[in-house]
Amino acid sequence: MSKKFKYVAMCAAPAVVIGLFAAVSGGIASAGAVSAGGGDQSVYEGAGPALTAVGMAQSYSGDGRYTVFESDEKLTPDAAGDLRHVYRRSAADGSLVLVSKDVRTDQPAGASYNASISHDGNWIAFETTDPGVFATDPHPGGASQIALVDMSTGKITQVSAPKGLLPDPVTGQVPDPTSGGNTNPMVSADGSHVVFSSAQAGMSDKGVPTTSMQTIEEYDRASGHITNITGGVNKTSGKAEAPNGPSDDGVPSADGRYVAYDSVATNLGVAQTNADAPDATDPRSFVYRWDAQSGSSALVSVSDASSGAVKADDTSYLPTMSADGGKVGFISGATNLLGTGDVKKTVNHMTDAYVRTMSAGVTHRVSLALIDEGWPTVPDSAGRSPSMTRMRGWFEAQVSSTRISLSADGSSAIVTSMSPLLAITGACAGCQKFADDNSALDVYDVRLNADAQPEDVRPISMKRTNQNTYTTEVGLLVRSSSTGGGDSVADGKTPTTDDGSLVAFASQAGDLRGMTGAQQISSSGPPANLSTEFLPVYVDGGVPDGHTEPVRTFTVETNAFNSHLHMNPANLASLTLNPTALTQYETRADVLPELDNAPALAKPTGQWTNSWVAPVAPPSMTFR
């Protein structure tokens, strides 16, 4: 299904929109006097994504000082080999440090990837198949290992060094340390713990012994112990046993006390999912949260308490968690997770993003579409023409959302979605309009209230200039924004800062790069039907890509987009708490002074002035 679906119809036929709003609302506020929203905001108009490098899986340190990402490019002189590397980038000056640095050269080079970073940027964990990053060969079998780097000293620790190579009490055999591999590491915000998935027998020395069945392990940096947190519990005897299904995607809280994960296993000691074995025809995955203090797991992918707190009726996976472990987000195709007051799910077989507040037992869907439409024919409080009346409402997204990441404070969810999650249309004074019309994955910042209900939506993967290539001028005055010409994904472990003010993402949309100019590629006729044509020149010196789009990393401030539609706070709160209702409000009639009928100039390099990262030649090589 095209991403344009009904939102495009709304833009093209305002009368239809009004009819749709009226039909859904079940009781719209009177068209009489409505207080206009007030208060201008400090914004960076049109200063959208800043290009950082060719790479992917970029994560922010919680304090916003660093990002970490992976790239196939040799971006520093000491990057060796032709496979993937992990880099740390300074947000202050754009400087790079190679994280996955080889300490030995006697081994074939491997790849390093899947990096995560602590709050202060000092601790970085990553997955690697390169034995050269360790002082001794960590795994003669060549399987992937987990490394933890202390950036202040450069010391690299092999996290995935088996701790439980003891004889099996039944067979007397010692586990084979060369069997299985280790994946998906994530370091806690304070750097004290690393959570990872392991199918390497003998990995843990605490909890149920690790077997070749993939489990979630937590490494304690202070003690060196490794705990298997997804061991099984025999439902008859209550004794520990091996899990009967794999677990993956472990995410620690800031101090490592809690770990969220997904699992197919049905003997984890959780009553709602306890069964003899996973369903062979439909091995459904559920999301859990483990507590180190109790040593047990609780089901997360469960419906809102108002709907009976029943387990999800479809697979749930890819958890994310707030710093205190109080909120857990995840992706699910389930149809039964919503509360009685939420926007109902009618489109089955599509995945959505959810957030559960653990203490309250409340689950909310956060991948909803926010539609804000001008109603110029509905009288406003001052009788203006056209009217300043607008209507705002939440609607079900019609296409899947694929990833979610919570900010540490739980105030925002960074959602990657195939479905447009925002549309701003209709006449307004000095406001920013927005349309997601690229039929591709895009990234959004969904602002949440204390109960994890959506309050507002801001686009992240948006074009920051109008990219007018009909002249040699770069059009930096932006009156409306749209999404880039390719898939964008917030694919890092922590793609946003603690407070959600900065977001990192990867994209195949070459037109998200800022423009520095345009070059003429043809002249106007003869023949008469030929016109002068130009190509944009981007900040990295490139022009529009051909058939092969490299994946690039970008960073952006979440307030780079501001609609300037200042809804009355009371109306905003009402819409948040009652998402099935529609809210009528008035926006201001006069253009903001700093806008002067159009947003302010955007800089070609975005809000941050440092340029993007270009590959650097090693000393022994020369680029021509």
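Report follows, based on the coordinates. (Residues numbered from 1 in each chain as written. Predicted model: local features only at pLDDT ≥ 70, side-chain atom pairs only at ≥ 80, totals over all residues. Heavy atoms only, no water.)

1. Let's talk about the pairing of strand S3 (residues 66-71)
With six of its six residues buried, S3 lies for the most part within the structure. Judged from the three bridges that link them, strand S2 (residues 56-60) and S3 form a sheet pairing that is antiparallel. The partner of Ser 59 across the bridge, within S3, is Val 68. Between S2 and S3, which pair antiparallel and follow one another directly, the connecting turn spans five residues, one of which, Gly 64, has a positive phi of 80°. As defined by bridge partners, S3 adjoins strand S4 (residues 85-90) across six bridges and the pair is classed as antiparallel. Its bridge partner lying in S4, Phe 69 is registered against Tyr 87. (Buried < 20%, exposed > 50% of the residue type's maximum accessible area, 1.4 Å probe, protein only. Helix = DSSP H or I, 4+ residues; strand = E, 2+ residues; numbered from the N terminus. Pairing = 2+ DSSP bridges.)

2. Section: the environment of Ser 574
Inspection of the secondary structure puts Ser 574 in helix H3 (residues 569-577). Under the relative-accessibility criterion, Ser 574 is labelled partly exposed at 37%. Residues Ser 574 and Glu 455, spaced 119 residues apart in sequence, show a C-alpha to C-alpha distance of 9.8 Å.

3. Considering the packing of aromatic side chains
All told, the structure shown has six aromatic pairs when counted by the stated rule. The structure contains a cluster of three or more aromatic residues connected by ring pairs, namely Phe 434, Tyr 444 and Phe 561. Positioned over the ring face of Tyr 66 is Arg 88, at 3.9 Å from the centre of the ring. The cationic tip of Arg 221 hangs over the ring face of Trp 123; the distance from NZ or CZ to the ring centre is 3.9 Å. (Phe/Tyr/Trp six-rings, centres within 6.5 Å; stacked < 30°, edge-to-face > 60°. Lys NZ or Arg CZ within 6 Å of the ring centre and 35° of its normal.)

4. Quick word on the pattern of salt bridges
On inspection of all chains with the given rule, the structure shows 15 salt bridges. In this structure, Glu 70 engages Arg 84 in a salt bridge whose closest nitrogen and oxygen atoms are separated by 2.8 Å. One end of the pair, Glu 70, is in strand S3; the other, Arg 84, is in the loop between S3 and S4, with 14 residues separating them in the sequence. The exposure class assigned to Arg 84 is partly exposed, which follows from its relative accessible area of 22%. Members of the salt-bridge network, linked through shared partners, are Lys 345, Asp 352, Arg 365 and Glu 396. (Salt bridge = Lys/Arg side-chain N within 4 Å of Asp/Glu carboxyl O.)

5. A word on the nonpolar core
Core analysis: the largest hydrophobic core is formed by 41 residues, its most contacted members being Val 366, Ile 404, Val 415, Leu 422, Leu 448 and Val 457. Counting residues per element, the ones that place at least two in this core are strand S23 (352-357), strand S25 (368-374), strand S27 (401-406), strand S28 (412-417), strand S29 (422-425), strand S31 (442-448), strand S35 (502-507) and strand S38 (552-557). With four residues, the single largest contributor to this core is S31. Excluding anything up to four places from it in sequence, Val 415 contacts Ala 353, Val 366, Ser 367, Ser 401, Arg 403, Ile 404, Leu 421, Asp 442, Val 443, Tyr 444 and Val 446. (Core = buried A, V, L, I, M, F, W, Y, C linked by side-chain atoms within 4.5 Å. Contact = heavy atoms within 4.5 Å.)

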